[in-house]
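# Per-entry structural report
Here are the chains, one letter per residue:
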Amino acid sequence: MDKKNIISIVWLVGLLTFIATIAIITAPDKLNRLDYIEKRMDDIQEQREILTEKEKKLEKLATEKDWEEVDNDNNK
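Here is what the cut-offs are and how they apply
Residues numbered from 1 in each chain as written. Predicted model: local features only at pLDDT ≥ 70, side-chain atom pairs only at ≥ 80, totals over all residues. Heavy atoms only, no water. Helix = DSSP H or I, 4+ residues; strand = E, 2+ residues; numbered from the N terminus. Rg over C-alpha atoms; globule rule 2.2 N^0.38 Å. Buried < 20%, exposed > 50% of the residue type's maximum accessible area, 1.4 Å probe, protein only. Lys, Arg positive; Asp, Glu negative; His and termini not counted. Charge placed at Lys NZ, Arg CZ, Asp CG, Glu CD. pLDDT = per-residue confidence, 0-100.

All right, on to the overall build of the protein chain then. Across its full length, the protein chain holds three helices and zero strands. Beginning at the N terminus, the succession of helices and strands in the protein chain can be written as α-α-α. The C-alpha atoms of the protein chain give a radius of gyration of 26 Å, which is well past the 11 Å a tight globule of 76 residues would have. By principal-axis analysis of the C-alpha atoms, the protein chain measures approximately 75 × 35 × 15 Å. Taken across its 76 residues, the protein chain has 0% of its residues classed as buried. Averaging the coordinates of the 13 positive side-chain charges in the protein chain and doing the same for the 17 negative ones gives two points 6 Å apart.

Turning our eyes to something else, we now look at the confidence of the model for the protein chain. Segments scoring low in pLDDT should not have their predicted coordinates read at a detailed level. Predicted confidence across the protein chain gives a mean pLDDT of 85, with 93% of residues reaching 70 or more. Confidence, read as mean pLDDT per element, is least for helix H3 (residues 53–75) in the protein chain (82) and greatest for helix H1 (residues 3–26) (93).

Shown next as structure tokens:
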């Protein structure tokens, strides 16, 4: 093998190592994702508790309307 091929291989291995290192460092672990989901669920539950009766009825109507639209789209 000549010098150009060896340099190309070294660059390729170095670049792949760099990309793999960045991917490993920035990838979230399972615990962080579960904590995030649990926190979001708690926030949503807290927001629902704050709603007045009128707001709860409006939210229920909007949700029902969304599901009716989904059903209509699926029946087409």
